[in-house]
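Architecture and fold: a report
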Amino acid sequence: SASLAAKEQGLKYITIEQEESLGGAIFKYPRNKVAMTQPVHLPIVGLVEMYDISKEELIGFWLRIMQEQVIPVRFNERMETISKTEHGYAVKTSKSTYETSNILLAIGRQGTPRKLNVPGEDQAKVIYRLIDPEQFRGNHVLVVGGGDSAIEAAITISEQIGSIVTLSYRSEAFGRIKPKNREKLEVAITNQKLRVELQSNVKEILPESVKLELATKEIIEIPNESVIICAGGVLPTPMLKEIGVMVETHYGTKPAAVR
Ligand SMILES: Cc1cc2nc3c(=O)[nH]c(=O)nc-3n(C[C@H](O)[C@H](O)[C@H](O)COP(=O)(O)OP(=O)(O)OC[C@H]3O[C@@H](n4cnc5c(N)ncnc54)[C@H](O)[C@@H]3O)c2cc1C
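So, here's what we can say about the structure. (Residues numbered from 1 in each chain as written. Predicted model: local features only at pLDDT ≥ 70, side-chain atom pairs only at ≥ 80, totals over all residues. Heavy atoms only, no water.)

1. Structural notes on the site of the ligand
Around the ligand lies a shell of 19 residues, among which Glu17, Ala25, Tyr29, Met36 and Met79 are the nearest. Here Glu17 contributes a side-chain N or O atom positioned 2.6 Å from an oxygen atom of the ligand. When isolated, the ligand has an accessible area of 1,000 Å², and the protein chains bury 70% of it. Secondary structure elements with two or more residues in the shell around the ligand: strand S2 (34-36) and helix H3 (148-158). Within the shell around the ligand, the residues separate by chemical class into 7 nonpolar, 5 polar and 7 charged. Residue assignment places the shell around the ligand across two domains, with domain 1 (2-106) and domain 2 (113-233) each supplying three or more. (Near = heavy atom within 4 Å. Polar contact = N/O pair within 3.5 Å; in protein donor to acceptor, adjacent residues only side chain to side chain. Areas by Shrake-Rupley, 256 points an atom, 1.4 Å probe, with all protein chains shown as cover. Helix = DSSP H or I, 4+ residues; strand = E, 2+ residues; numbered from the N terminus. Nonpolar A, V, L, I, M, F, W, Y, C, P; charged D, E, K, R; others polar. Domains from an automatic or database assignment.)

So this is what it looks like as structure tokens:
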């Protein structure tokens, strides 16, 4: 959207993206995940109304626009530092250095996945994003986190034949999650499709099990073949501060309990 706006304004610009595709957070969504969108006005393109659309369709839509409008995105190029120069800024990337008078940061809030820092986290069975829920058919899976990604991961895996899913969240209630996800979660809990442990903490990840501390402080060990950690991301705050961007953190209001 920002690149389209730059083109519409007749600016001389380039767009850099550290991944190999457009899509941002959506590029990292699970396969076939439905993105819930709202009508949006895109520069040059106009009003886009899509509502519920699969990840693949949404990325296909953007790629089409990029080709039609000849948007020059430099993929696989990461912005590393920004420094002030006499006439503007120097942007150092993994491939080059650009001189520019203005920079628009549209780097999202994903950052680098936040780790739990517990023993055993370095095993291959521990992942930080869900791509293909089907691979967890028949598995004991632990999902950790309390946001939309954790809830969507837990629900989609619980729908796979033979899967046994535990969702562990350290707080006492789920926060600002989408109403549809809250509804689906309640249905899954009622139908005993997944087990939710609020106020719980992962203590250790073993090759065939995980140790979980429950709200009662009891430590249980449950069978486990995969752990999916959706605990948010660590933002590049130090780099942003260094270049003079102020970062403010806003915390949501206390949510109602789901159980
Ligand atoms: C699992 C999940 C489900 C979601 N479901 C929905 C949904 O159904 N509907 C909805 O509206 N929203 C949903 N969201 C939220 C939505 O994905 C975000 O609001 C949206 O992607 C934000 O867009 P953005 O362009 O600001 O940031 P992002 O999508 O995060 O894009 C930022 C881009 O910047 C790139 N980047 C970052 N740092 C650098 C760097 N240093 N150099 C170069 N490139 C860099 C990243 O690779 C990325 O491509 C969901 C989010 C998650 C995680």
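2. Section: the nonpolar core
Formed by 22 residues in total, the largest nonpolar core has its most connected members in Val143, Leu167, Phe174, Leu185, Leu194 and Ile228. Elements that contribute at least two residues to this core include exactly strand S12 (140-144), H3, strand S13 (164-169), helix H4 (179-190) and strand S14 (194-198). Looking at this core element by element, the count peaks at 6 residues for H3. By size, the runner-up hydrophobic cluster in this structure holds 13 residues, among which are Val118, Val144, Ile205 and Leu214. (Core = buried A, V, L, I, M, F, W, Y, C linked by side-chain atoms within 4.5 Å. Buried < 20%, exposed > 50% of the residue type's maximum accessible area, 1.4 Å probe, protein only.)

3. Re the sheet that holds strand S7 (residues 79-84)
If you walk across this open sheet you meet the 3 strands as S7-S8-S9, and the pairing is antiparallel. Strands at the two margins of the open sheet, each flanked by one partner only, are S7 and strand S9 (97-100). Across the sheet, the mean angle separating the axes of adjacent strands is 20 degrees when strand polarity is ignored. (Pairing = 2+ DSSP bridges. Axes fitted to C-alpha atoms, helices over the stretch in contact; angles between N-to-C directions.)

4. Re the pattern of salt bridges
With the rule as written, the count across this model stands at 6 salt bridges. A salt bridge links Lys211 to Glu204; its shortest N-O distance comes to 3.9 Å. The class of Glu204 is partly exposed, set by a relative accessible area of 25%. Through salt bridges with shared partners, a single network forms among Asp148, Glu152 and Lys178. (Salt bridge = Lys/Arg side-chain N within 4 Å of Asp/Glu carboxyl O.)

5. Examining unusual backbone geometry
The phi torsion at Asn76 lies on the positive side, around 55 degrees, for a residue other than glycine. With respect to the secondary-structure elements, Asn76 resides in the loop between strand S6 (73-74) and S7. The backbone phi angle of Lys217 is positive, close to 80 degrees, even though this residue is not glycine. Tracing the sequence through the fold places Lys217 in the loop between strand S16 (209-213) and strand S17 (219-223). Overall, Lys217 belongs to the exposed group, its relative accessible area being 58%.

6. Section: the pairing of S12
Burial runs high along S12: 4 of the 5 residues are buried. Inspection of the sheet shows S12 paired to S13 by 5 bridges, in the parallel sense. Residue pairing in the sheet places Val144 in a bridge with Ser168 of S13. For the segment spanning S12, H3 and S13, crossover handedness is right-handed. With 4 bridges joining them, S12 and strand S18 (residues 226-229) adopt parallel strand pairing. Across the sheet, the residue bridging to Leu142 is Val227, located in S18. (Right-handed = clockwise from strand over helix to strand, strands pointing away.)

7. Some thoughts on H3
Residues separated by three or four positions in an α-helix point in the same direction, a consequence of the helix having 3.6 residues per turn. Burial within H3 is extensive, with 8 of its 11 residues counted as buried. At its buried positions, H3 is contacted by S2, S12, S13, H4, S14 and S18. (Contact = heavy atoms within 4.5 Å.)

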